[in-house]
Amino acid sequence: MDTLENYKKIARQARKTVLRLIYKAQTSHIGSNFSCVDLLTVLFEKADLDKDKIILSKGWAAATLYYFLWREGRITEKELNSYCQPGSKFIGLAEPIIPEIPAAGGSMTYGLPFGVGFALAKKFKEEKGTIYVIESDGGMQGGQTWEAIQIAAQHKLNNLFLIVDDNSLQAMGETKRILNIHPLDKKLRIFGWDVKKINGHNFRQIETALSLKTKKPLAIIAKTVKGYPISFMSGNNLYHYKNLSKKEYLNAL
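Note on numbering: residues in each chain are counted from 1, in written sequence order. Reporting in this predicted model follows two pLDDT cut-offs: at least 70 for local features of residues, and 80 or more for side-chain atom pairs to be given and counted; totals over whole chains, interfaces and linings ignore these cut-offs and use all residues. By convention in this description, side-chain values take in all heavy atoms of the structure and omit both hydrogens and water.

A. A look at unusual backbone geometry. The omega torsion across His182 and Pro183 is 5 degrees, close enough to zero to call that bond cis. Secondary structure counts use DSSP, requiring at least four H or I residues in a row for a helix and at least two E residues in a row for a strand, with both numbered from the N terminus. The residue Pro183 is located in the loop between helix 7 (175-179) and helix 8 (184-190) in this model. With an omega of 0 degrees, the peptide bond between Tyr228 and Pro229 qualifies as cis. Among the secondary structure elements, Pro229 is positioned in the loop between strand 7 (218-223) and helix 10 (246-252). The backbone of His29 sits at a positive phi, close to 75 degrees, despite the residue not being glycine. Tracing the sequence through the fold places His29 in the loop between helix 1 (3-25) and helix 2 (30-46).

Here it is as structure tokens:
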């Protein structure tokens, strides 16, 4: 199968499964999950989980993370289907409950500081592998994110990739109206990072960006659409917190 078609197939099945899990649990964040599915599709195809670490700083997209960990054989189908069910440890935020989830996500701005620590440790130990941090555009507003950005540049952590899911929305509205982070690419370059801007739903662009080699930490600013590609969810911030009715679930399918 062509690589592009394979990515499409994986992403489509990921969205169907995540939709089912979130509907069954009557939880929220379907829009935030869907904006990063394509990014995680390519990332999990390229990453080596025995050497690399994937940190989901936007931890409320946990259902998508669990899906790909199941696909990689790191959790069981029973564990996947226990998402947000009574007594399950697989809750709606990413928690370090298994080795492949190395850090907690969901409390905004923690992901990149974790990532810098892991990347710096790999440098000191001369270990192979890359640290990937998936952050939201809202998470880029936080002070400790920018402290971590400076530390990463200071130590030239070229084993660190920051992937920004830039869907222009956060919990309470448009990112630019709450605290405008743009021009993010220029700010990151000033702070000593290499930057690549991409369409976060274009598999070829994602693949190319994740293959880049640099002498600095690399930020991939992925322009995405919250709720993509469901027509009534796309760009609709209602689906940050809203759970799904049966009609909405069936329409989305």
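Moving on, there is more to tell.
B. Looking closely at the environment of Pro102. Mapped onto the secondary structure, Pro102 falls in the loop between helix 4 (77-81) and helix 5 (111-125). Between the C-alpha atom of Pro102 and that of Ile54, which follows or precedes it by 48 residues, the distance is 7.6 Å.

C. Summary view of the sheet that holds strand 7. Taken together, the five strands give an open sheet; going across it, the order is 1-2-3-7-6, and neighbouring strands pair in parallel fashion. Each edge of the open sheet carries a strand with a single partner, namely strand 1 (53-56) and strand 6 (194-199). Taking each pair of neighbouring strands and ignoring which way they run, the sheet shows an average axis angle of 20 degrees. In this structure, strand 2 (residues 131-136) lies alongside strand 3 (residues 160-166), joined through six bridges in parallel fashion. Bridge pairing in strand 3 places Ile131 opposite Leu160. Contacts from helix 2 reach strand 1, strand 2, strand 3, strand 6 and strand 7, with the element oriented near 150 degrees to strand 3. The pairing criterion is simple: DSSP has to find at least two bridges between the two strands. Angles run from 0 to 180 degrees between N-to-C directions of axes, and those axes are lines fitted to C-alpha atoms, restricted for helices to the stretch in contact. The contact rule is simple, with two residues in contact once any of their heavy atoms fall within 4.5 Å.

D. Structural view of the environment of Lys196. Relative to the assigned elements, Lys196 resides in strand 6. Separated by 13 residues in sequence, Lys196 and Ala209 place their C-alpha atoms 6.8 Å apart. Other than its neighbours up to four places away in sequence, Lys196 contacts Ala209, Leu212, Leu218, Ala219, Ile220 and Ile221.

E. Expanded view of the packing of aromatic side chains. Here is the rule: rings of Phe, Tyr and Trp (six-membered ring for Trp) pair when centre to centre is within 6.5 Å. Planes less than 30 degrees apart are stacked, more than 60 are edge-to-face, and the remainder are tilted. Under the counting rule described, the total for this entry stands at ten aromatic pairs. Residues Tyr132 and Phe161 carry aromatic rings whose centres are separated by 5.4 Å and whose planes lie at 55 degrees to one another, so their mutual orientation is tilted. Here the residue Tyr132 occupies a position in strand 2, and Phe161 occupies one in strand 3, the gap between them amounting to 29 residues. Here the term buried applies to any residue with accessible area under 20% of the maximum for its type, exposed to any over 50%, and partly exposed to those in between, with areas from a 1.4 Å probe on protein chains only. Of the residues examined, Phe161 reaches a relative accessible area of 6% and is grouped as buried. Site record: aromatic cluster; members linked through ring pairs are Phe44, Tyr67, Phe68 and Trp70.

F. Local environment of the packing of helix 1 against helix 9 (residues 203-210). Between helix 1 and helix 9, the least distance of the axes is 10 Å, while the angle of their chain directions is 105 degrees. Viewed along their axes, helix 1 and helix 9 adopt a mutual orientation that is roughly perpendicular. When helix 1 is examined against helix 9, the residues Thr3, Leu4, Tyr7, Lys8 and Ala11 are found in contact with a partner set consisting of Phe203, Arg204 and Glu207. The cut-offs work like this: below 35 degrees is roughly parallel, past 145 is roughly antiparallel, 65 to 115 is roughly perpendicular, and the gaps in between are oblique.

G. Seen up close, the pattern of salt bridges. A side-chain nitrogen of Lys or Arg and a carboxyl oxygen of Asp or Glu constitute a salt bridge if their distance falls within 4 Å. Per the stated rule, a full pass over the model turns up 14 salt bridges. Residues Lys122 and Glu127 are paired through a salt bridge, measuring 3.6 Å at the closest nitrogen-oxygen approach. Accessibility expressed as a relative area gives 7% for Lys122, which makes it buried. On the accessibility criterion, Glu127 (41% relative accessible area) is partly exposed.

H. Representation of the side chain of His29 within the structure. For His29, a relative accessible area of 13% gives the class buried. A polar side-chain atom of His29 sits 2.9 Å from the main-chain carbonyl oxygen of His240. Identification of polar contacts relies on pairs of N or O atoms within 3.5 Å, with a donor-acceptor requirement for protein atoms, meaning one able to donate a hydrogen and the other able to accept it, and with residues adjacent in sequence counted only if both atoms are side-chain atoms.

I. Up close: helix 3 (residues 62-71). With respect to burial, helix 3 is a largely interior element, eight of its ten residues being buried. For helix 3, the set of buried residues is Ala62, Ala63, Thr64, Leu65, Tyr66, Tyr67, Phe68 and Leu69. In the core, the buried residues of helix 3 are packed alongside helix 1, helix 2, strand 1 and helix 4.

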